[in-house]
Structure formats: C-alpha cells, structure tokens
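Chain and residue survey
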Amino acid sequence: MKKIIILVDQMHSHGGIEKLVAIKANYWSAVFGYNVTILSTEQGGKPLIYELDKAVVFQDLAIDFDRSKSYFSFGNVLKLLKNVLKIQQYLFSQKPDFVLVASHIPITYVLPFLFKGRTKTIKEFHYTKYADTNIGLKNKLLIFVEARYDYLAVLSEEEQRYYFSKNTVVLPNPIATDAVVSSSLLSTRPNVAVAIVRFAAVKQLEVMVSIWSQFHQKQPDWQLHLYGAIGNDYYQKILSLVQELRLENVVLFKGQTQDVSGVLEQAKVLLLTSVQECFPMVILEANSVGVPVVSYDSPTGPRNIIHHEKDGLLVPYGDEQAFVHQLESLAVNPELLNTLGKHAVDTARNYLLPKVMNLWNTTIFAK
C-alpha cells in the first residue's frame, strides 16, 4: 500500500487549496486504498472545515508561524527549524512513498533536501507565475529549490511555461463530483448572476459592481449575488460602493456558502473580473451544472478552461464596455444562453474527479 503525506498550513478555513486537499486525500484513500496523512502547521485546535474519509489521518504539528512577519524573520526561522525536526521524525518513522506540499509554506524551501531515496517529493502550485518576472535573490533561491523536487504539479500547459526546471507535470483541478448535471434550461432560471469569491482586491469586485451598474440600466430585473466571507476592509469598500451607486436591491451580499452547486443551479451565469487567476475551480463547478462563465481574459486560468462563444465568454481584460455588452447579449438571447450552458457541461466532463485522479495515479504515483 502506497503511503502519501500531504503538507498544508491549515484545514480550518474555506478555500480552494483546502477543498482540493480534502478531495484528493479522500479519493486516494477511499478509491485507491492508499495510506494518506495530512500534516498541518497552524490548525490551532480548530475543527476541520471539510470532512475527511475515516481512513485519512490528520495531525497538526502546532508550529504556528507568525503570519504578520516574513517567513525569513528570526522568529519564523526558529519555528521552521522546529518544523523540520518534526517533519524528519515523522518521515523517518512512517517512511512514506510520496510527500506532497500543497500550500506555499516555509517547509517548501527545505523539503527536497531533508532526505533522498525512495520517497518522492511533490510541490503543487495553485497560483500563476505570469507576473513573477523579478528574478531577484528570493526567486533565484526558489527556482533552485524547485528544481530539486521530483515533481512540480502545475495546472495548465500555459503555466508550465513559467518554470525553469524540467520536472513539471500538468495536473488540472478536478470537479469535486464524479458526474455533471444540467438540471434545467438556463432560460427558465431566475435572472441571477453570481460571483463566488474571496473578498480581496485581486478579484476586482469594484469593477464587477461598476459593470453591473451599467448593465442594470438596461436590464433592471436582473440581480447580482456575491458569495464569500464578509467583514474585512475590502468587503466594506465594496459595500460602500454598492450603496453609493444605489444598487442595494440588485447587488446582494449572500455570505459564505457550503452549497456551491445549489447556488449555481439557481443562476444563469457566473462572473469573474479578477486581475489574475491560475485555474479557478469555480469555473468548473459552474460548468458542471450547466452555467456558463463570463470572465475577463485575465492571466492565466480562464482562457485555459473557457472556450469563447462555445461554453462561455472571454472579455478583453479591462474592457468594461465589452463586458457589459456580453452580459446584454445573454440577457436578450435565451437560445445563446442555453447553448453555452449545454456546452459548458461538455467541458466540465473533461475534469471529472475520476479522470483527474487517474491522471495523478499514472503520472506520479505509478512511478
């Protein structure tokens, strides 16, 4: 039986990485029968946000890095040394076949050097390196370290171009189910667009609200529902903008949801206006229930999933007027909306969970 250890910072907060770790750990354990352990550094005694298969072992190493400071600060370096000692003890006692670093955590910089032998090391990347053009000392160090991993798991062939070593493998994100369903014609659903996001500046929700303000003038019966944890400064900024534009009745803040599919099944379209994306799971989740996505053509993720005018719409980055025009074309053309939704389901089938997990199995675990 293969032994796999997954290293993360925490599993107590909603997030794409945390969700993916749970999905993969559960599948590898329940379907492949592998021995899977998740080790965190900063769980802090909080409950797991996603349910794990009963055979998956979860343990917090209680390193508790100070996130307000650099990883290279004196205090965090001392904690890294503690982290290294605990990881070494665990690895030497368990003798895993594979160790996967799923989060960007300090152990990333040292793991490939801790041991050599039959244990393979893997580093996953969930962010785009498109804009990472500064080859300073820190990046040179990271490039040196990355080359020492057995595998660097990246999400698309486009992302693969931004790595300097030859150990990259393309492993896309999966849809979190083993089936896709188009439950109803989009034209019969409520006039609702949704965004399921972190309230963070990179998502450019102020741009989305501005677009919606213009779209609302011609389509006043449509609503925009924003899903995500509320309460931070960026949320307050977006809330103030909605109030300033007097859109309180059509731009609604819905808070976090654990029923993403249920939310999407009551919508006609998903919107993305991010500065950059790597490989957004939410596009796949929307497609899996027949919802097309209208997105800025931001680097690098959307264009690696969305096929323009076939299963969704890509808008030239920063062109608000073009975005408004595309939304209007969907609002007045139910046949186009239904066609995009139908093809979105076909696209989603390329990322079904068994297909992507088998790719992991044949590309990495079989070696």
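Scoring rules and cut-offs
Residues numbered from 1 in each chain as written. Predicted model: local features only at pLDDT ≥ 70, side-chain atom pairs only at ≥ 80, totals over all residues. Heavy atoms only, no water. Helix = DSSP H or I, 4+ residues; strand = E, 2+ residues; numbered from the N terminus. Rg over C-alpha atoms; globule rule 2.2 N^0.38 Å. Buried < 20%, exposed > 50% of the residue type's maximum accessible area, 1.4 Å probe, protein only. Contact = heavy atoms within 4.5 Å. Pairing = 2+ DSSP bridges. Right-handed = clockwise from strand over helix to strand, strands pointing away. Axes fitted to C-alpha atoms, helices over the stretch in contact; angles between N-to-C directions. Salt bridge = Lys/Arg side-chain N within 4 Å of Asp/Glu carboxyl O.

**Considerations on the overall build of the protein chain**
Looking only at helices and strands, the protein chain has 12 helices and 13 strands in total. In terms of overall size, the protein chain behaves like a compact globule, its C-alpha atoms giving a radius of gyration of 21 Å where 367 residues would be expected to give roughly 21 Å. By its C-alpha atoms, the protein chain is 65 × 40 × 40 Å across when sized along the principal axes. Counting only residues that meet the buried cut, the protein chain has 54% of its 367 residues in that class. Sequence separation of at least 24 residues holds for 68% of the intrachain contacts in the protein chain that already meet a minimum separation of 6.

**Let's talk about the pairing of strand S2 (residues 35-40)**
Counting buried positions along S2 gives 5 out of 6 residues, so the element sits mostly inside the fold. Sheet topology note: the strand S1 (residues 3-8)/S2 ladder contains 6 bridges and is parallel. Across the sheet, residue Ile 4 finds its bridge partner in S2, namely Val 36. With respect to chirality, the unit in which S1 leads through helix H1 (residues 16-30) into the neighbouring parallel S2 is right-handed. Direction of pairing for S2 relative to strand S3 (residues 57-60): parallel, over a ladder of 4 bridges. Residue Leu 39 lies in a different strand from S3, and its bridge partner there is Gln 59.

**A few points about the sheet that holds strand S4 (residues 98-101)**
An order of S3-S2-S1-S4-S5-S6-S7 is seen for the 7 strands of this open sheet, with the pairing classed as parallel. Strand pairing shows two members of the sheet lacking a second neighbour, S3 and strand S7 (168-170), which therefore form its edges. Averaged over all adjacent pairs, the angle separating strand axes in this sheet is 25°, with direction ignored. Sheet contacts for helix H12 (residues 353-365): S1, S4, strand S5 (120-124), strand S6 (151-154) and S7; angle to S5, the most-contacted strand, approximately 135°.

**Section: the pattern of salt bridges**
The full count for this structure, using the stated rule, is 10 salt bridges. Residue Lys 203 pairs with Glu 277 through a salt bridge whose shortest N-O separation is 2.8 Å. With Lys 203 in the loop between strand S8 (192-196) and helix H6 (205-218) and Glu 277 in the loop between strand S11 (269-272) and helix H9 (281-288), this pair connects stretches of sequence that are 74 residues apart. As far as burial versus exposure is concerned, Lys 203 and Glu 277 are alike and both buried. Through salt bridges with shared partners, a single ionic network connects Asp 9, Glu 42 and Arg 67.

**Observations regarding the sheet that holds strand S9 (residues 223-227)**
Here 6 strands make up an open sheet; going across it, the order is S10-S9-S8-S11-S12-S13 and the pairing parallel. The sheet is open, and its two borders are formed by strand S10 (251-255) and strand S13 (312-315), each paired with just one other strand. Recorded for the sheet is a direction-independent mean angle of 25° between the axes of neighbouring strands. Pairing geometry for S8 and S9, over 5 bridges, is parallel. Residue pairing across strands places Ala 193 opposite Leu 224, the latter belonging to S9. Docked against the sheet, helix H7 (residues 233-244) engages S9 and S10, running at close to 150° with respect to S10.

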